[in-house]
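Structure assessment
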Amino acid sequence: MAGGLDTEILDSVFKSRPDILRDIHKAADSPSRVQLFNKIASFVYEQIGDQPSGSSLKRRRVDVEPSQNGNAPTATATSTIEDVTSENLLLEIKDISVSIPQRKKFELCFTPKHIYARVPGTTVPVPNIVYAWKDIEYAFYLPVPEKAQVQHNYILFPRNSISLSKSSTPTEEPLVFTVSAGAPKPGSIGGPNAGAASAVSDSYTTLFHWALNKCLQAAKNNVQIVAADPAKFHSKIRQPHRPKEPAVHVKAFRGSKDGYLFFLDTGILWGYKKPLLFIPLDKIAAVSYTSVLQRTFNVAVEVYTGEDGDSETTEEIEFAMLDQEDYGGINEDYVMKHRLQDRSLADQRKAKRELAENAKGKKDADGQGEDVNGHVGEDGMTELERAHMEAEQQLQDDEDEDEEDYDPGSDGESEGSGISSEEDDDDDDDDAGEDDEMEDEDGDGDGDEE
């Protein structure tokens, strides 16, 4: 009868106790006992995650490490699951469909320092779904494509969850959860701030925008929730499920995985399969087009990946099989608008980022990091706003110089569309392997892989 045991989960949970494993195999002499042992093993596995042997909930650490994306945290701190559990619970929202890191319905809990997922009926966080507010680097609110009912994904990228280089892999996973367009069900909101939350609970969107923004601001994290704007970019292909609504996504493959590209004000996001990828605008050196065929084309994004002061190192990330109908919108409404077609203009984007980072680094070194997070100086501007203004002024000065040096007689070439005839050297490295199979107990799809 032991053949029906889920040996993979049992071995993972009781790796350090082979004596228990032996006893389970001996005692699993009936279908009912096999089912019971599998249920127990699955429950323990969900509580502790697939952690190395010898770990425990009390010793599970939530570390704050330096970011690989250029923004170092202001301090290094370590919290345990026990610490997070002991924090004052501000708000809890039940029945939320999480798709990454784990596909399941959880309760999302908000504390002064963290957001975490909790299994219904328990009081401790799921170990691998705990995020410190001050660690969140990017936040997005994007539609779930190809759904008859309107759904949106909230995506929170913590530090070290994005890697633009093929030679490295992210050490953290983003938090992705799905909400419908309707209002929360009665009784699904709890905690001391439930009363205040009820005033903004006309929809899940208003509720989560309010809760996320409040907690990020309280943690002095100036990250803003970025949404797609169809007025700035939308696909030319009609959505079969909602033909009157413009699609803000474009279908694209990354390696062998199919997914969706979102062209946003702050950068390009690809989802919703693991590993999700976000490319900030100031990390883009140039955008070009390859493998241009009658019906499809590829987009090659050259990105800066240098570390340790080597800011000129670049690699190419390619997205394949985009529909030709979307070429005009991508090239004219996004690439040319943000001047991504010309590599020489990347210096201005990079300079703007470096000015902001240097300004923040100087403030942090002086012990005045709070100014970067929204406090104004004598001129009425924060350091980031001041750095942005200086970068814009430098860009304008460079453009004025170009106009003064312009010689109409030397113009021998017309402006092209930026399409390259070079063949694609290699397919994008699909270093993530196959998608993790995650259980969806409710069977509602919840906005992850189709």
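Predicted model only: the values in this text are computed from it and were never measured. (Residues numbered from 1 in each chain as written. Predicted model: local features only at pLDDT ≥ 70, side-chain atom pairs only at ≥ 80, totals over all residues. Heavy atoms only, no water.)

Attention now moves to the nonpolar core. In terms of nonpolar packing, the biggest core is built from 43 residues, with Phe140 and Phe319 touching the most fellow members. Ignoring sequence-local partners within four residues, the contact set of phenylalanine 140 consists of Asn153, Tyr154, Ile155, Phe157, Ile225, Val226, Leu264, Thr266, Leu269 and Phe278. Among the nonpolar cores identified, the runner-up in size contains 32 residues, and Ile136, Tyr154, Leu175 and Val179 belong to it. (Core = buried A, V, L, I, M, F, W, Y, C linked by side-chain atoms within 4.5 Å. Buried < 20%, exposed > 50% of the residue type's maximum accessible area, 1.4 Å probe, protein only. Contact = heavy atoms within 4.5 Å.)

Another point: the environment of aspartate 265. Within the secondary structure layout, aspartate 265 lies in the loop between strand 13 (257-263) and strand 14 (267-271). On the accessibility criterion, aspartate 265 (38% relative accessible area) is partly exposed. Taking the C-alpha atoms as reference, aspartate 265 lies 9.5 Å from phenylalanine 233; in sequence the two are 32 residues apart. Setting aside residues no more than four positions away along its own chain, aspartate 265 makes contact with Lys232, Leu281 and His338. (Helix = DSSP H or I, 4+ residues; strand = E, 2+ residues; numbered from the N terminus.)

Turning our attention to helix 7 (residues 327-335). Along helix 7, the positions that sit buried rather than exposed are Tyr327, Gly329, Ile330, Asn331, Tyr334 and Val335. Packed against the buried residues of helix 7 are strand 12 (250-254), strand 13, strand 14, strand 16 (284-290), strand 17 (296-304) and strand 18 (314-323).

All right, on to unusual backbone geometry then. With an omega of 5 degrees, the peptide bond between glycine 271 and tyrosine 272 qualifies as cis. The omega torsion across lysine 274 and proline 275 is -10 degrees, close enough to zero to call that bond cis. Mapped onto the secondary structure, proline 275 falls in the loop between strand 14 and strand 15 (277-280). Positive phi, close to 70 degrees, is recorded for asparagine 160, a residue that is not glycine. Structurally, the position occupied by asparagine 160 is in the loop between strand 8 (151-158) and strand 9 (175-180). Given a relative accessible area of 5%, asparagine 160 falls into the buried group. At lysine 220, a residue that is not glycine, the phi angle is positive and equals roughly 60 degrees. On the secondary structure map, lysine 220 appears in the loop between helix 6 (204-218) and strand 11 (225-227). Residue classification places lysine 220 among the partly exposed residues on the basis of a relative accessible area of 40%.

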